[in-house]
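One letter stands for each residue in the lines below.
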Amino acid sequence: MRDFVSAFVFGFLLLASTAPVLADSVMVFGATGQLGAPHVRMLLDRGETVVAFVRTTSSRERLRNLNIQYAVGDLTDAASVLAAMEEFKPRVVIDASARRGGMMTREQPFYAEAMRNIVDAAKVTGVSQIIIHSSVGVRGSAKKFLEEVGYNTESQNIRDKGEAETYLENSGVGYTIIRNGLLEFEPAEPTGNGYLVEDINAFGRITRTDLASVSLECMDNADCQGKIYHAQDDSLIGPRTGSEEGK
Ligand SMILES: NC(=O)c1ccc[n+]([C@@H]2O[C@H](COP(=O)([O-])OP(=O)(O)OC[C@H]3O[C@@H](n4cnc5c(N)ncnc54)[C@H](OP(=O)(O)O)[C@@H]3O)[C@@H](O)[C@H]2O)c1
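Given the structure is predicted, the values throughout are model-derived calculations rather than measurements.

## Quick word on the overall build of the protein chain
Line of reasoning, step 1. Summing up its helical and strand segments, the protein chain has 7 helices and 10 strands in all.
Line of reasoning, step 2. Here the protein chain holds 247 residues, and the buried ones make up 40% of them.
Line of reasoning, step 3. Contacts in the protein chain between residues far apart in sequence, at least 24 positions, make up 71% of those at least 6 positions apart.

Now the structure itself:
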């Protein structure tokens, strides 16, 4: 009996020692998307353990051959978000998700619900920072400029993102909100000239790769905690080429 117990304890210790250490991971929501995927690659370059939260239906093509962990669930399913966070206990969470479906789904809520599920789970498991991608125009930002160019700053989409921001802001969890104005159509060559400003009237363009890069400068950065930034790149001039439905 004693031998059996010793063998069991030894086996358990061996298993525990070979299991991946994930308590210090970064979880990326929207990891399979155009903005999420460059975050994942850059996090790996920084030596981070990355957990991609994906749906059962998600194409993992953009993450092919990357040495990452997967958590499967749906941002609109609170239990699956909590289960993923309880399993991996991420230190930092990055939300680069976007409601899929383009213009046809613009009036359908998504962002506030997704954010509630992330924040509520983060409170349970203890996340030090949630970095989210939001939009210029949310909560009155750059309102004058956007109205001048005929953009509807009162749309359901913008209000939905505003609710998401407010929920995060009031949650007590460390956070950084990064708003983008106009994203370059993909594929877009990064310029290396992207930057963040605290001016909530700023409106500019940026590539997703540069956006990921400047966003990660805020990760674990005390200066960025509790802040809202607008992302831009002054070197992007002239008309955007290609075609992509704005969200
Ligand atoms: N200002 C602009 O010009 C502009 C243009 C486009 C986007 N944006 C903003 O930029 C950000 C990123 O957009 P993007 O175009 O890079 O995104 P994207 O390529 O459309 O990717 C969206 C990601 O969100 C995930 N997702 C959607 N619904 C989900 C759900 N219910 N549960 C879990 N994951 C879900 C998708 O997973 P699946 O692979 O499973 O679908 C995908 O990984 C968003 O905030 C968007 O609003 C701004």
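## Description of the packing of helix H3 (residues 78–88) against helix H4 (residues 111–125)
Line of reasoning, step 1. At their nearest, the axes of H3 and H4 sit 9 Å apart, and the two run at 35 degrees to each other. At the point where H3 passes H4, the crossing takes the right-handed sense. Contacts between H3 and H4 involve Ala-78, Val-81, Leu-82, Met-85 and Glu-86 from the former and Asn-117, Ile-118, Asp-120, Ala-121, Ala-122, Val-124 and Thr-125 from the latter.

## Section: the site of the ligand
Line of reasoning, step 1. Taken together, the neighbourhood of the ligand is formed by 29 residues, with Gly-30, Gly-33, Leu-35, Ser-58 and Leu-75 sitting nearest.
Line of reasoning, step 2. When residues of the shell around the ligand are traced back to their parent elements, those giving at least two are strand E5 (129–135) and strand E7 (182–183).
Line of reasoning, step 3. The residue inventory of the shell around the ligand, partitioned by class, reads 8 nonpolar, 15 polar and 6 charged.

## Digging into the nonpolar core
Line of reasoning, step 1. One finds Val-28, Ala-31, Ala-52, Phe-53, Ile-118 and Ile-130 to be the most contacted residues of the largest nonpolar core, which totals 53 residues.
Line of reasoning, step 2. The element that contributes the greatest number of residues to this core is H4, accounting for 7 residues.
Line of reasoning, step 3. Sequence-distant contacts of Phe-53, that is, excluding residues within four places in its chain, are made with Met-27, Val-28, Phe-29, Ala-31, Ala-71, Gly-73 and Ala-84.

## Section: H4
Line of reasoning, step 1. Compared with the 21 Å implied by 1.5 Å per residue over 15 residues, the 21 Å span of H4 between its first and last C-alpha is a close match.
Line of reasoning, step 2. Buried within H4 are the following residues: Tyr-111, Ala-114, Met-115, Asn-117, Ile-118, Val-119, Ala-121 and Ala-122.
Line of reasoning, step 3. Turning to H4, the residues buried within the fold contact strand E1 (26–29), H3, strand E4 (92–95), E5 and helix H6 (156–169).

## Section: helix H7 (residues 208–216)
Line of reasoning, step 1. The element H7 is largely enclosed, with a buried count of 7 among its 9 residues.
Line of reasoning, step 2. Where H7 is concerned, the buried positions are Arg-208, Thr-209, Asp-210, Leu-211, Ala-212, Ser-215 and Leu-216.
Line of reasoning, step 3. Contacts made by the buried residues of H7 are with helix H2 (36–45), E5, strand E6 (175–180), E7, strand E9 (205–206) and strand E10 (227–232).

## Some remarks on the pairing of E1
Line of reasoning, step 1. Of the two faces of E1, both are covered, the one formed by Val-26 and Val-28 as well as the one formed by Met-27 and Phe-29.
Line of reasoning, step 2. One ladder, built from 4 bridges, connects E1 with strand E2 (residues 50–54); its direction is parallel. Across the sheet, the residue bridging to Met-27 is Val-51, located in E2.
Line of reasoning, step 3. For the crossover that starts at E1, traverses H2 and ends in the parallel E2, the hand is right-handed.
Line of reasoning, step 4. As paired elements, E1 and E4 share 4 bridges and run parallel to each other. The residue of E4 that forms the bridge with Phe-29 is Asp-95.

## What about the sheet that holds E1?
Line of reasoning, step 1. Taken together, the 8 strands give an open sheet; going across it, the order is E3-E2-E1-E4-E5-E6-E10-E8, and neighbouring strands pair in mixed fashion. Looking at strand neighbours, the two that pair on one side only are strand E3 (69–72) and strand E8 (195–197), the edges of this open sheet. Strand after strand, the sheet turns through a mean of 25 degrees between neighbouring axes, direction not considered.
Line of reasoning, step 2. Relative to E6, E5 runs parallel, the two being bridged by 6 bridges. When the sheet's bridge partners are listed, Ser-135 is paired in E6 with Asn-180.
Line of reasoning, step 3. Strand contacts of H3: E1, E2 and E3, with the helix running at about 150 degrees to E3, the strand carrying the most contacts.

Rules and cut-offs
Residues numbered from 1 in each chain as written. Predicted model: local features only at pLDDT ≥ 70, side-chain atom pairs only at ≥ 80, totals over all residues. Helix = DSSP H or I, 4+ residues; strand = E, 2+ residues; numbered from the N terminus. Buried ≥ 20, exposed ≤ 12 C-beta atoms within 10 Å, placed from the backbone. Contact = placed C-beta atoms within 7 Å. Axes fitted to C-alpha atoms, helices over the stretch in contact; angles between N-to-C directions. Left-handed = near helix turned anticlockwise from the far one by under 90°. Near = placed C-beta within 6 Å. Nonpolar A, V, L, I, M, F, W, Y, C, P; charged D, E, K, R; others polar. Core = buried A, V, L, I, M, F, W, Y, C linked by C-beta atoms within 7 Å. Expected span 1.5 Å × (residues − 1). Pairing = 2+ DSSP bridges. Right-handed = clockwise from strand over helix to strand, strands pointing away.

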